[in-house]
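Chain by chain, the residues run as shown.
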Amino acid sequence: MRIETSRTVETDPVEDYAFNDSAASMTPDWYDVDQPLRSAVAHLASCSSKFNWVGVYVLNGSTLELGPYIGAPTEHTRIEVGVGVCGTAVARNEDMNVPDVTATDNYLACSLETKSELVVLIRSQDGRIVGQIDIDSHEHAAFGPEEERLVRDVAEALGERWLEEPAADRG
Ligand code: SME
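Okay, so let's go over this structure.

Each value, and the rule that gives it
- Residues numbered from 1 in each chain as written.
- Predicted model: local features only at pLDDT ≥ 70, side-chain atom pairs only at ≥ 80, totals over all residues.
- Heavy atoms only, no water.
- Phe/Tyr/Trp six-rings, centres within 6.5 Å; stacked < 30°, edge-to-face > 60°.
- Lys NZ or Arg CZ within 6 Å of the ring centre and 35° of its normal.
- Core = buried A, V, L, I, M, F, W, Y, C linked by side-chain atoms within 4.5 Å.
- Buried < 20%, exposed > 50% of the residue type's maximum accessible area, 1.4 Å probe, protein only.
- Helix = DSSP H or I, 4+ residues; strand = E, 2+ residues; numbered from the N terminus.
- Contact = heavy atoms within 4.5 Å.
- Expected span 1.5 Å × (residues − 1).
- Pairing = 2+ DSSP bridges.
- Salt bridge = Lys/Arg side-chain N within 4 Å of Asp/Glu carboxyl O.
- Near = heavy atom within 4 Å.
- Polar contact = N/O pair within 3.5 Å; in protein donor to acceptor, adjacent residues only side chain to side chain.
- Areas by Shrake-Rupley, 256 points an atom, 1.4 Å probe, with all protein chains shown as cover.
- Nonpolar A, V, L, I, M, F, W, Y, C, P; charged D, E, K, R; others polar.

Some words on the packing of aromatic side chains
- A complete count under the given rule lists four aromatic pairs for this structure.
- Among the aromatic residues, ring-to-ring pairing joins Trp53, Tyr57 and Tyr69 into one connected group.
- Geometry around Tyr31 places Arg161 over its ring, the cationic atom sitting 4.9 Å from the centre.

Focus on the nonpolar core
- Of all hydrophobic cores here, the largest spans 27 residues; its most connected members are Ile122, Ile133, Ile135 and Leu158.
- Elements supplying a minimum of two residues to this core: α1 (36-47), β2 (53-60), β6 (116-123), β7 (129-137) and α3 (145-159).
- The residues contacting Ile122, other than those within four sequence positions of it, are Val56, Arg128, Ile129, Val130, Gly131, Gln132, Ile133, Ala155, Leu158, Gly159 and Trp162.
- Formed by 18 residues, the second largest nonpolar core is a distinct cluster that contains Tyr57, Leu59, Leu66 and Tyr69.

Some thoughts on α3
- For α3, spanning 15 residues, the distance from its first C-alpha to its last is 20 Å, which sits close to the expected 21 Å at 1.5 Å a residue.
- Three or more residues of α3 are buried, namely Glu147, Glu148, Val151, Val154, Ala155, Ala157, Leu158 and Gly159.
- Tucked into the core, α3 has its buried residues touching α1, β5 (96-98), β6 and β7.

A closer look at the pairing of β6
- Of all eight residues in β6, seven are buried, a share of seventy percent or more.
- Examined bridge by bridge, β5 and β6 share three bridges and lie antiparallel to one another. Residue pairing for β6: Asn97 is matched across the bridge by Leu118.
- Where β6 meets β7, eight bridges bridge the pair, whose relative direction is antiparallel. Of the residues in β7, the one forming a bridge with Leu118 is Ile135.

Structural notes on the pattern of salt bridges
- Applying the stated criterion across every chain yields a total of nine salt bridges.
- Ionic pairing is found between Arg78 and Glu65, a salt bridge with its closest N-O pair at 3.0 Å. With a gap of 13 residues between them, Arg78 in strand β4 (residues 78-80) and Glu65 in strand β3 (residues 63-70) connect regions that are remote in the sequence.
- For Arg78, a relative accessible area of 45% corresponds to the partly exposed category.
- Relative accessible area serves as the criterion here: at 2%, Glu65 is assigned to the buried category.
- Where Glu160 meets Arg161, a salt bridge forms, and the shortest distance between an N and an O atom there is 3.4 Å.

With respect to the site of the ligand
- Every one of the 13 residues lining the ligand counts as a neighbour, but Cys86, Leu108, Cys110, Glu117 and Asp136 are closest to it.
- Separating a nitrogen atom of the ligand from a backbone N or O atom of Leu108 is a distance of 2.7 Å.
- Here a nitrogen atom of the ligand and a side-chain polar atom of Glu117 are 2.9 Å apart.
- Calculation on the ligand without its partners gives an accessible area of 310 Å², and the protein chains cover 100% of this total.
- Secondary-structure elements contributing two or more residues to the shell around the ligand are β2, α2 (84-92) and β7.
- A per-class count over the shell around the ligand returns eight nonpolar, two polar and three charged.

What follows is the structure, given as structure tokens:
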């Protein structure tokens, strides 16, 4: 299955990453072996009308690089670890569920409409943080336990198949 949606935007050739398609768990039905990250983003964007911006950032050294996303274009295509909600999640080594982004000092505004944000880390099988799924919502406190579980399941499916570091000449 190829994802054909004009709303999917790819900013970087992150699909060059190698993925192991004989991972231990059953392959989810949304997973496209030719474009795992794009298929993850398309799947999540279709899961809830509250998910107004869905994207994957890939960690390259100390920089998060934006890969496929669905939603309004953002100027935050590269985010340093420690900066914004996205970079803070990596620095703290934990997922971030922010019910009210206006109450957060270290927040990089993507859209003025965004009210809440969820960042779920993607970890490869050896436990390294390799990237993250970032979702913005126009609704306040849009992400409850059910949404967290959904996004974590997708992050786990990607992480357990994630094989390679970015190429040295990228960046
Ligand atoms: N809000 C994020 C930046 C990414 S945009 O939401 C797409 C942050 O604070 O890191």
